[in-house]
Structure formats: structure tokens, C-alpha cells
Amino acid sequence: MKFHDYPVTQDYRISRKVLGVGINGKVVECENRVTNEKFALKVLRDTEKARREVELHALASCHPHIVEVKAVYKNAYNNVDCLLVVMENMKGGELFNRIQERGQKAFTEREAAGIVYEICSAVQHLHRMSIAHRDLKPENLLYATTSNDSPLKLTDFGFAKKTDESEPSGLQTACFTPYYCAPEVLGSEKYDKSCDCWSIGVIMYILLCGYPPFYSQHGQPMSPGMKSKIKSGEYSFPTPEWDCVSEAAKDLIRKMLTINPSERYNIEQTMAHKWICHYKKVPNTPLCTSSVLVDQKEQWSEMQDEMEKTLASMRVGTDNIQIKNLTDSNNKLLAKRRQKKDEDEIIEEDEKMSS
Ligand SMILES: Nc1ncnc2c1ncn2[C@@H]1O[C@H](COP(=O)(O)OP(=O)(O)OP(=O)(O)O)[C@@H](O)[C@H]1O
């Protein structure tokens, strides 16, 4: 995708409405000056990492279950190069918020299968293009609209990686990876893709019961021992939430949460599994998911933190360790301060243009 080098503010009015906040800063709403159509704008410092994110996202975005990148601008603010990514505006919110908001109307196993099918089709598209997402978590799954038949789409390619590039040797290490098979044994391409399948397994599990598979104790906050549970694949299908869930669903979860990534189901095997390929015929059994999500609202952010940490530890071992310069730092505080400054400068610029 070609990056425009004229100011984004020539084409879009930038609003102060914040659509979401992530580690790289805010995503704000913007409006096309000609059509008045609303979009989402993500501002990133122009670093090698940001370029990889934007390029891979744009490359993969022509898919019904991936958030579409409309345009990218490369603008400088106070001599700092930034990439401004205009994306379709996902007005329907995050996946689990919607399930939580259903109230009394029970969420069913067939609906869960439809959702997992949508996620799998996005991941299949990526893996066929030799892209591993590596940050597949609930916050990165957004609904396009608030209507019941809205598509669910995957976003945030901040950790995406082209998996067919030859890896420079020497700096890789498996010391930190908590998983049974070291990445270099399996090959980084298969290893990186296998992390996405593990994530789908976790999301599928939560969809079917409302709590994650690697809880220290159901209903209790996460314990420090959770990591070792993930490592040894210790999870179960507790009563009563799992009593009515089909054997086919449990079978697929076992295959996706297999500890050894070389034995874990890949995306093609997952798509061919009967619970996915016949997702419209999955039993319409009511699930406990919505009410459990409501009851455990307080634990949700801990769950998100834990999933983030686990995904981060899965990425270590396939990425080369590099000394970062300050502008590439992932330090949350530094990133927030920088991001806020960039956004303020862009909004100021926009206000100057409008006046
Ligand atoms: N296209 C979009 N439309 C509406 N809201 C969006 C869109 N993209 C992102 N958001 C919101 O902004 C939040 C942050 O976006 P994103 O995940 O891309 O940023 P990030 O800084 O890379 O975050 P993370 O901390 O998840 O790595 C999302 O969780 C979501 O709530």
C-alpha cells in the first residue's frame, strides 16, 4: 500500500472522540471531508515495527473478517515521522462485551461455533499468506456494527510477522519459552502460527463457558501458578457449565490447547474439524457464558493481562533480541507520553486547517 505524504488533515477531520486505548496509544474517530463518512484513526511513530504492523495489516485487510485499512499517511509532527492509519470504524464494540450485554437471552453453542468460524477464517487467510498474527486476544476482535448479523473482525497487527522470511541465526533463544517444544525445533514459521491456534482454543473455551481455561481456581483471581498450568496443559471442563457442551467442541479445544505446538492442530485441520466446517449444524444448546461473564466482570481485566503475558512469552524465542532505541521502546509510560504529544499536534493541525 502506498503511503500518502501529504497531511491526513487534507482528507479527514480528526475528532477528539476516542474509540479505544491500547499500548501504542489512542485510536480516535475521523471523518472524510468529502463523504462525511466516519473512520478510525490510529497514530503510530514511524518505526520499523510500526511499518511492519501497517504493511502486514494492509496486505491482509481484503478479507471479510479483518478490519479494513483504507489509507495510510506518513506525516511529520515537530520533525517526528508518524504513520496515520485510517481504518473502517468498528462501531459494534468488542466480542465479549456484546455477549455480556445479552442479558437473559442465552448465548448458544451454535452461535459460539459461528463466531469461532469467523475467527478461524481470518486466521486461515493470514496463515495462507504466511502471516502469523501473534496477538490474537479478545480485545482485538471487534464487531463492525451493533446489528445482530454484524461481522466480527480481527485487528491490531502490532505483533504480526511474515513467517516465510529466513531468520537470521545466532540470537535466537528458547530459554524463556514456557512451552514444551522449543521454537527452533519446530521452525519459527510453524511455531508462530501455532500460537494463533492456541489463542483460538482459549477464546473458544471462554465463549463456551464465560471463564478462561487456565484459571487458578474457578471464580478466584489468577494465581502465580497459572503459568505452570498453561505449561503443563492443566485445564478441565468443570460442572455445571460444561455439562451440556457437545463432545465435538471439547474435542476441538483439546486439539487446539495441546501443549506441544508440533502436535497442536493447525488452522487447516481446525477448519476441517466438524464443529467448524458444520458450524451451522452445531446444537443450539443454551450456554452459561453471558451470566458467567457478568458475574466475573471484575476478573476480566486480570484475564486480559494474563493472556497478554502468555502471548508475549510465546513470542520470545522466535524474535531476535535487540537493544531498542528510545523511539521504538514498548515502555507503556514512554509510549503514552509520546502518543499523547503526537495526537495533540495532529488535532492542533486539524483545528488550524478548519479555522
Ligand atoms: N477500527 C477500529 N474501530 C473502532 N475502534 C477501534 C478500531 N481499532 C481499534 N479500536 C479500539 O482501540 C483499541 C486499541 O486499538 P489497537 O488494539 O489497534 O491498539 P494498540 O495500541 O496496538 O493496542 P494493544 O494494547 O491491544 O496492543 C482497541 O482495543 C479498540 O477498542
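As annotated in an unreviewed UniProt entry, the protein carries the name non-specific serine/threonine protein kinase and is attributed to Caenorhabditis angaria. Reading the Sequence similarities (unreviewed entry) entry of the UniProt record for the protein gives the comment "Belongs to the protein kinase superfamily. CAMK Ser/Thr protein kinase family."

1. Some details on the sheet that holds strand E9 (residues 141-143)
Strand order in the open sheet formed by three strands is E7-E9-E10, and the pairing between neighbours is antiparallel. On the outer flanks of this sheet lie strand E7 (93-94) and strand E10 (152-154), each paired with one strand and no other. Of the pairings in the sheet, the one linking E7 to E9 comprises two bridges and is antiparallel in character. Paired with Gly93 across the two strands is Tyr143, which belongs to E9.

2. A word on the packing of aromatic side chains
Counted according to the given criterion, the structure contains 13 aromatic pairs. Taking 5.1 Å as the distance between ring centres and 55° as the angle between the ring planes, the aromatic pair formed by Phe96 and Trp300 counts as tilted. Of this pair, Phe96 sits in helix H2 (residues 95-100) while Trp300 sits in helix H11 (residues 300-315), and the two are 204 residues apart along the sequence. The pair formed by Phe96 and Trp300 is uniform in burial state, with each residue classed as buried. Relative to Phe237, the ring of Tyr235 lies with its centre 5.7 Å away and its plane at 80°, an arrangement referred to as edge-to-face. Here the aromatic residues Trp198, Tyr205, Tyr211, Phe214, Tyr235, Phe237 and Trp242 are joined through ring pairs into a cluster of three or more.

3. Some points on helix H5 (residues 188-209)
For H5, spanning 22 residues, the distance from its first C-alpha to its last is 32 Å, which sits close to the expected 32 Å at 1.5 Å a residue. Burial runs high along H5: 20 of the 22 residues are buried. Once H5 finishes, Gly210 follows within two positions and takes phi at roughly 100°, a positive value.

4. A look at the site of the ligand
Of all residues adjacent to the ligand, which total 21 residues, the nearest are Ile23, Asn24, Lys42, Glu88 and Asp156. Here Asn140 contributes a side-chain N or O atom positioned 3.4 Å from an oxygen atom of the ligand. The side chain of Asp156 places a nitrogen or oxygen atom 2.9 Å from an oxygen atom of the ligand. In isolation the ligand offers 620 Å² of accessible surface; the protein chains occlude 92% of this area. Among the elements of the structure, strand E2 (12-22), strand E3 (25-32), strand E4 (38-45) and strand E6 (80-88) are those that each provide at least two residues to the shell around the ligand.

5. A closer look at the packing of helix H3 (residues 109-128) against H5
Running from N to C, H3 and H5 cross one another at 170°; their axes reach a closest spacing of 10 Å. Between H3 and H5, the interaxial angle falls into the category roughly antiparallel. H5 is crossed by H3, and the crossing has right-handed handedness. Contact residues: Glu109, Ala112, Ile115, Val116, Ile119, Cys120, Val123 and His127 in H3; Lys193, Asp196, Ile200, Ile203, Met204, Leu207 and Leu208 in H5. Classifying every residue of the contact of H3 with H5 by side-chain character gives 11 nonpolar, one polar and three charged.

6. Quick notes on unusual backbone geometry
Note that the residue after Thr239, namely Pro240, is joined by a cis bond; omega there is 0°. Within the secondary structure, Pro240 is located in the loop between helix H6 (226-231) and helix H7 (247-256). Residue Asn78 is not a glycine yet carries a positive backbone phi of 50°. Position of Asn78 among the secondary structure elements: in the loop between strand E5 (69-77) and E6. A positive phi angle, near 65°, is found at Arg134, a position not held by glycine. For Arg134, the location among the structural elements is in the loop between strand E8 (131-132) and E9. Judged by its relative accessible area of 1%, Arg134 falls in the buried class.

7. A closer look at the UniProt feature "binding site: ATP" (unreviewed entry) in the protein
Sites flagged by UniProt as "binding site: ATP" (unreviewed entry) map to Lys42. The residue Lys42 is located in strand E4 in this model. Given a relative accessible area of 13%, Lys42 falls into the buried group. Apart from the residues within four sequence positions on either side, Lys42 is in contact with Lys26, Val27, Glu53, Leu83, Leu84, Val85, Met87 and Asp156. Polar contacts involving the side chain of Lys42 include one to the side chain of Glu53, which spans 2.8 Å.

8. Re the nonpolar core
Grouped burial of nonpolar side chains is what soluble globular proteins tend to show. By size, the foremost hydrophobic cluster in this structure holds 63 residues, and its most contacted members are Leu95, Leu207, Leu208 and Trp275. Of the residues forming this core, the biggest block, 13 residues, is contributed by H5. Non-local contacts of Leu95, meaning those with residues more than four positions away in its chain, are made with Ile115, Leu141, Tyr143, Leu152, Ile203 and Leu207.

9. What about the environment of Asn75?
Relative to the elements of secondary structure, Asn75 occurs in strand E5. Taking the C-alpha atoms as reference, Asn75 lies 9.5 Å from Phe3; in sequence the two are 72 residues apart. Setting aside anything within four residues of it in sequence, one finds Asn75 in contact with His4, Asp5, Tyr6, Pro7, Val8, Val80, Asp81, Cys82 and Leu84. One polar contact links the side chain of Asn75 to the main-chain amide nitrogen of Val8, over a distance of 2.8 Å.

10. Re the side chain of His63
Its place among the elements puts His63 in the loop between helix H1 (48-60) and E5. Under the relative-accessibility criterion, His63 is labelled buried at 15%. From its side chain, His63 meets the backbone oxygen of Ser121 in a polar contact 3.4 Å long.

Analysis parameters
Residues numbered from 1 in each chain as written. Predicted model: local features only at pLDDT ≥ 70, side-chain atom pairs only at ≥ 80, totals over all residues. Heavy atoms only, no water. UniProt positions renumbered as here; feature names shortened; annotations may be inferred. Pairing = 2+ DSSP bridges. Helix = DSSP H or I, 4+ residues; strand = E, 2+ residues; numbered from the N terminus. Phe/Tyr/Trp six-rings, centres within 6.5 Å; stacked < 30°, edge-to-face > 60°. Buried < 20%, exposed > 50% of the residue type's maximum accessible area, 1.4 Å probe, protein only. Expected span 1.5 Å × (residues − 1). Near = heavy atom within 4 Å. Polar contact = N/O pair within 3.5 Å; in protein donor to acceptor, adjacent residues only side chain to side chain. Areas by Shrake-Rupley, 256 points an atom, 1.4 Å probe, with all protein chains shown as cover. Axes fitted to C-alpha atoms, helices over the stretch in contact; angles between N-to-C directions. Parallel < 35°, antiparallel > 145°, perpendicular 65-115°, else oblique. Left-handed = near helix turned anticlockwise from the far one by under 90°. Contact = heavy atoms within 4.5 Å. Nonpolar A, V, L, I, M, F, W, Y, C, P; charged D, E, K, R; others polar. Core = buried A, V, L, I, M, F, W, Y, C linked by side-chain atoms within 4.5 Å.

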